[in-house]
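Each chain, written out:
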Amino acid sequence: MVGLPDSIQEGVRILQQHLYVSHGDLAMKHEEKMCNTPKRNRKILFYHPPAEQLYRAMLPKMEDYIIALLKVLLASASTPLSKAKTGGSLNVLVDVLPEDPNPVEPQRLQKDLNRHKEIITKAVSASLLLLLKHFRLNHVYQFEFISQCMFYANCIPLVLKFLNQDMNMYVTAENSIPSLDFPTCLFYIPPPNLGHSEPHDTLPDDSSPKAMCWRNLFSTVNMLRIIQKLTKWRPPRTMMLNVFKSPPILKKTLKISHWLVHLYVLKLFKLQAKYLGKNWRKANMKILSSIYQHVRHRLLDDWAYGSDLDTRQWEAPTEEQKLKSTLQMYHAMWYRDLLPDTSQLPDLPTHIDDESTTDDVQRFIDECNVELPKDFDNNYKVWLEREVFEKEHDWDAMLERFNYNFTCDDTASLDSH
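Per-chain numbering applies: the sequence of each chain, read as written, is numbered from 1 onward. Per-residue local features are limited, in this predicted model, to residues with pLDDT of at least 70; the limit for side-chain atom pairs, both in listing and counting, is 80 or more; totals at the level of whole chains, interfaces and linings are taken over all residues. No hydrogens and no water enter the side-chain calculation; it runs on all heavy atoms of the structure.

Undergrad: Quick rundown of the overall build of the chain? Include the residues and the values.
TA: Only runs of H or I of at least four residues qualify as helices and only runs of E of at least two qualify as strands under DSSP, and these elements are numbered from the N terminus. The number of helices and strands found in the chain is 20 helices and zero strands. For the chain, buried positions account for 34% of its 417 residues. Once local pairs closer than 6 in sequence are excluded, the contacts in the chain between residues at least 24 apart make up 77%. Reported accessibility uses the Shrake-Rupley method at a 1.4 Å probe radius. Residues are deemed covered only where the shown protein chains occlude them. Looking at the chain as shown, the accessible area adds up to about 27,700 Å², and 56% of this sits on carbon and sulfur atoms. Relative accessibility decides the category of a residue: with a 1.4 Å probe and only protein chains considered, values under 20% of the type maximum give buried, values over 50% give exposed, and everything between is partly exposed. Residues count as neighbours in contact if any of their non-hydrogen atoms are within 4.5 Å of one another.

Laid out in C-alpha cells, this is it:
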C-alpha cells in the first residue's frame with residue numbers, strides 16, 4: 001500500500017470495510033496469532049459453554065463415537081437390499097422384537113418395527129447435524145475435526161446410499177400407529193370401530209396425493225444438510241460426490257415435493273456443478289435455472305462456468321493432511337491434557353514459561369509507549385534484522401533504567417527470545 005495513489009488506497013480501504021469475513025476465518029487467524037504469543041495467554045481460564053464442555057468430554061474418543069453413530073444409522077436406514085449386502089451386523093430392533101416367534105398381529109408388528117427404525121434414523125441424523133452446528137458456532141476447528149472424522153468414517157457414501165432409494169415412497173410411508181404417537185400415547189383414547197361401516201362411507205381416492213410422513217421428511221432433510229456441511233468449501237470432498245455418482249441420486253431426490261428438500265439438493269448441485277462438465281450442464285439447464293432462482297450467490301462464484309475436472313484430483317490427500325496437521329496443533333495448544341496419546345501431537349513453540357518474567361516483560365512493553373508508523377506491520381521483519389539481531393545491546397543496562405529486578409535466568413531467557 002505504500003506509494004500507491006490515494007484513490008487506490010481508499011478503494012482498498014472501502015473494500016476491506018465492506019468485505020464479508022466469516023466467523024471461521026476470524027477464528028483461524030486468531031489461532032495463528034495465539035501460536036506466536038507467549039504461553040501466558042494460553043493459561044487464561046475461559047468460561048466453558050455447554051458446547052465446549054461436550055467437546056472436551058467427547059474429544060478423547062471422538063472417532064469411536066462418530067463411528068458408533070454411523071453404524072447405528074447404517075443399520076436403521078438400510079433397505080432390504082443394502083442390508084443383505086452389508087450383512088446386517090448391528091441389530092437395532094432387538095428391544096422391539098417379541099419373544100413369541102408367531103405374533104398375533106404380524107402386520108401391526110411389522111409396522112411397529114418400521115416405525116422404530118424411522119425414529120432411530122431421525123434421532124441419529126438430528127444428533128449428527130446438531131453436533132456439526134454447535135461445534136461450528138463454538139470454534140471452527142472443532143467443526144473441522146468432527147467433519148473430518150465423519151469424512152474418514154465414510155459418512156458421504158452412507159448418506160448417498162440412504163438417498164439411493166424411492167424417496168417418494170419413503171417420505172409418504174404410513175408406518176405410524178396412532179395409539180403410540182405423541183400425545184395419544186399419554187392418554188387412553190378408544191380405537192375406532194372398524195367392524196361396521198356407515199352407509200355414507202366412501203372409498204379412499206387413490207388419485208389424491210398422499211400425506212408426507214414428517215418423521216421421514218425430517219430425516220431426509222437432515223441427511224442432505226449433513227452432506228452439504230461436510231463438502232462446503234472443500235473441493236476435494238466435493239469431487240468425492242462425483243466419484244460416488246451422486247448427481248443421478250440427487251436428481252431423483254428432487255421428485256420430493258417439498259421446498260426445503262429442493263433447497264439443499266440445489267445447494268449440493270451448486271457445489272459440484274463445475275466438476276460435472278459442460279455436457280452435464282447442457283443437459284440439465286433446468287436444474288441450473290433453479291439454482292439461480294433459489295440459492296444465494298456470492299460475488300466471486302464460478303460454479304456455472306468454472307471447470308476443474310483435472311486440476312484438483314491429486315489435492316485431496318494433501319489438503320486433508322494439511323488440515324489434520326492444523327487440528328493437531330490446535331489440540332496440542334488447548335487440549336493436550338485431555339488426549340490419551342500425545343506422542344503424535346506437535347511440539348508447541350518455545351516461549352517464556354516463567355509467569356513473573358512474562359508479566360514484567362509485558363509491563364515493560366506497555367510503558368514504552370512508542371508510536372509505530374502505519375506500514376510497520378509490513379516491514380517489521382526488516383526492522384528486527386537491522387535494529388535487533390545485527391546490533392549488540394546491553395539488555396541489563398536497559399532494564400535497570402526501569403528498575404526491574406530480573407534474575408540471571410530470566411535475562412538468559414530474554415536473550416534467547
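Undergrad: With reference to specific residues and values, describe the confidence of the model for the chain.
TA: Caution applies to low-pLDDT regions: their predicted coordinates should not be interpreted in detail. Overall, the prediction assigns the chain a mean pLDDT of 79, with 74% of residues at 70 or greater. Scored from 0 to 100, pLDDT reflects the predictor's confidence in each residue. Highest mean pLDDT in the chain belongs to helix H7 (residues 140–152) (96); lowest belongs to helix H20 (residues 408–416) (44). Across residues 351–356 the pLDDT falls below 50, and counting only partners more than four positions away or on other chains, this stretch makes 16 contacts in the model. A low-confidence stretch, residues 404–417 (pLDDT under 50), is modelled with 22 contacts involving residues beyond four sequence positions or located in other chains.

Undergrad: Account for unusual backbone geometry, naming residues and giving values.
TA: Backbone geometry at Asn154 places phi at a positive 65 degrees, although glycine is not the residue there. Mapped onto the fold, Asn154 is located in the loop between H7 and helix H8 (155–163).

Undergrad: Tell me what's going on with the nonpolar core, and back it up with residues and numbers.
TA: In this text, buried Ala, Val, Leu, Ile, Met, Phe, Trp, Tyr and Cys residues form a nonpolar core when linked through side-chain atoms within 4.5 Å. The biggest cluster of nonpolar side chains holds 71 residues, and the ones touching the most others in it are Met62 and Met150. With nine residues, the single largest contributor to this core is helix H6 (residues 106–138). Every residue in contact with Met62, bar those within four places of it in the chain, is listed here: Tyr55, Phe135, Phe145, Ile146 and Cys149.

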